[in-house]
Amino acid sequence: MSAADLDAVADLRAVLGDAVSVDRTAIARVLKDASWLSPVLSEQIDRRAQEAGPVMGVEAVVRPRDEQELLQVTAIAARHRLPITPRGAGTSGFGLVTPERGGIVLDTRGLNGTCELEGDAVRASAGTLQGALERTARTAGRELPLLVTTYASATVGGWLAGGHVGLGSGAHGAIWDGSVVRLRAVSVEQQPVVHTLEGAAAEPLLHTFGAVGLISEVTLRTVPARRWVEAVGSFPTFADACAFVAALARDPRLHERAVTAQEEGLMPAFGELAQLAGAGPGVLMLLDADQLADVGALAAAHGGTIAEWQPWRLGRNERPSIAAMVYGHRMLWVMRAFRDAAFAHLYFDPADPLWDIALLKERFGERLLVEMKYIRSPWMLRALGLDAAEAKAGLPASVVVIRGAREHEDRVGELLRFCDAHGIHYQNSHTNVIEDNGLFADVAPIVRAKARLDPHGLLNPGRLRSAEVRP
Ligand SMILES: Cc1cc2nc3c(=O)[nH]c(=O)nc-3n(C[C@H](O)[C@H](O)[C@H](O)COP(=O)(O)OP(=O)(O)OC[C@H]3O[C@@H](n4cnc5c(N)ncnc54)[C@H](O)[C@@H]3O)c2cc1C
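Each value, and the rule that gives it
Residues numbered from 1 in each chain as written. Predicted model: local features only at pLDDT ≥ 70, side-chain atom pairs only at ≥ 80, totals over all residues. Heavy atoms only, no water. Disulfide = S-S within 2.5 Å. Pairing = 2+ DSSP bridges. Helix = DSSP H or I, 4+ residues; strand = E, 2+ residues; numbered from the N terminus. Contact = heavy atoms within 4.5 Å. Axes fitted to C-alpha atoms, helices over the stretch in contact; angles between N-to-C directions. Domains from an automatic or database assignment. Salt bridge = Lys/Arg side-chain N within 4 Å of Asp/Glu carboxyl O. Buried < 20%, exposed > 50% of the residue type's maximum accessible area, 1.4 Å probe, protein only. Parallel < 35°, antiparallel > 145°, perpendicular 65-115°, else oblique. Left-handed = near helix turned anticlockwise from the far one by under 90°.

Considerations on the state of the cysteines
- Overall, the coordinates contain 0 disulfides when judged by the stated rule.
- Here C419 is not disulfide-linked; the sulfur of C242 is the nearest cysteine sulfur, at 16 Å.

Looking at the sheet that holds strand 3 (residues 84-87)
- Strand order across the open sheet formed by 4 strands is 1-2-4-3, with mixed pairing between neighbours. The sheet is open, and its two edges are formed by strand 1 (20-21) and strand 3, each paired on a single side.
- Relative to strand 4 (residues 103-107), strand 2 (residues 58-62) runs parallel, the two being bridged by 4 bridges. Bridged to V62 within strand 4 is L106.
- Its contacts with the sheet put helix 4 (residues 67-80) on strand 2, strand 3 and strand 4, and the angle it makes with strand 4 is roughly 170°.

Comments concerning the domain arrangement of the protein
- Looking at the protein, the domain boundaries give domain 1 (3-109), domain 2 (116-224 + 434-453), domain 3 (226-318) and domain 4 (338-430).
- Of note, the centres of domain 1 and domain 3, computed from C-alpha atoms alone, are 42 Å apart.

Some points on the pattern of salt bridges
- With the rule as written, the count across this model stands at 28 salt bridges.
- Residues R109 and D107 are paired through a salt bridge, measuring 3.0 Å at the closest nitrogen-oxygen approach.
- Owing to a relative accessible area of 29%, R109 belongs among the partly exposed residues under this scheme.
- A relative accessible area of 5% means that D107 is categorised as buried.
- Residues R182 and E118 are paired through a salt bridge, measuring 3.2 Å at the closest nitrogen-oxygen approach. Of this pair, R182 sits in strand 8 (residues 180-186) while E118 sits in strand 5 (residues 116-118); the two residues are 64 residues apart in sequence, bridging distant segments of the chain.
- Overall, E118 belongs to the partly exposed group, its relative accessible area being 27%.
- Within the structure, one salt-bridge network assembled from shared partners comprises E118, R123, R182 and E198.

Some points on the side chain of H456
- Residue placement: H456 occurs in the segment after helix 15 (444-453).
- Apart from residues lying up to four places away in sequence, H456 is in contact with A78, R81, V188, V469 and R470.

Topic: the packing of helix 8 (residues 238-250) against helix 10 (residues 292-301)
- Axis separation between helix 8 and helix 10 bottoms out at 9 Å; the angle between their running directions is 140°. Comparing their axes, helix 10 and helix 8 come out oblique. The crossing of helix 8 and helix 10 is right-handed. Across from F244, A247 and L248 in helix 8, the residues of helix 10 making contact are V295, L298 and A299.

As structure tokens, this is what we get:
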């Protein structure tokens, strides 16, 4: 550690005491996230670890216990020009908690006071588990519009900075579509300021990898709670399954918290559940328990059947939960069946999603396995330049499975180049640079927000290439 770094750590210790750890094992432990899901990112991170050593130049892990301590940390970091990597539970998959320029890792899990109901919203410190906000909302007969599938372990601040969708996205879109009522964010300056960002003003901090502002508190909208039941559908063809998913998404009377069609080749990955579904393509669902019969009739109209699996509970479920087989969690099940797989977030043409799927299947065949769901996100449609009028069911979205991606070096690149050539949209989850993500055509508002909240460019350096740094 250099003399300057020793000074910085001593200053941190003086105000936070044993909430500052310089133990190398403890540091190495917090530098890992779920980026092993991407062969591209895990190779980059392994290479950096070999070059920079297991702690990658990080001096300390700091765990403030409240917003006041957070202000003290940012003041010290700004004075010593010490880079900060905020970290919640480390469940994001973009190599986001592996710093490029050392500094400190800021463990936000100490910021976890109680959740408070505030009218139709729920408020909590940024390090609170997202499931805790849902639990609080449910005490008032309400629920979160979007519930990340890692709700039992991930922090709400980490989800807003690193994630983007969750259970409920079929009805309520993504994090940019009105779920966030307000954020409190602490600036990284010698005299830090707490900014209160209402609604759209919070947007530059969403899914921008903790590089724009340090979130200290989150207020999320809630909606009336429903009694959800988990169910699985079986259909003669994948086209039938997709048509059913589209019809369900288009019908405003039918409520769902997850509905996703799976190609036949994917179904065995879901173990016991696949046996209930039977042969053929399947649909994994969380449905309103009072509407099971209506959804069954809709499935029958598309040649399919549905079977109830179990009631969904926020806590422990008796059987493996379908809520942990959809969205991000689906990757874990798929990896068990296809250990060589990688994933890509693709978005199809709302006017004719099956056309894009046919193109992909023609080119990649069984090397690419497709799911199909809808995300009702006006923000994402705009960001991708798609016509909202065509998107009556929402944005057709898929996390496709690329088989053999760990043996064949460039299989992810090959898929993304094919998408570029054929006008298929995607979000690139194999990069952690905001400009390369695919959802941010105009980074100017993000750059402006970072200049205001992080004028010395200390937050997660390397994530925003266009960042302007005050000397
Ligand atoms: C199995 C699995 C399933 C998943 N399912 C989903 C899903 O359904 N939907 C989805 O969107 N994502 C999903 N993810 C990704 C991830 O779980 C979520 O984004 C998660 O909510 C991140 O929370 P975290 O506390 O783990 O954040 P971390 O991984 O610790 O951090 C994520 C990012 O946020 C930054 N950050 C953390 N806290 C703050 C703060 N207070 N202020 C500013 N920046 C901060 C970090 O620097 C980092 O860039 C999944 C991941 C896995 C492994």
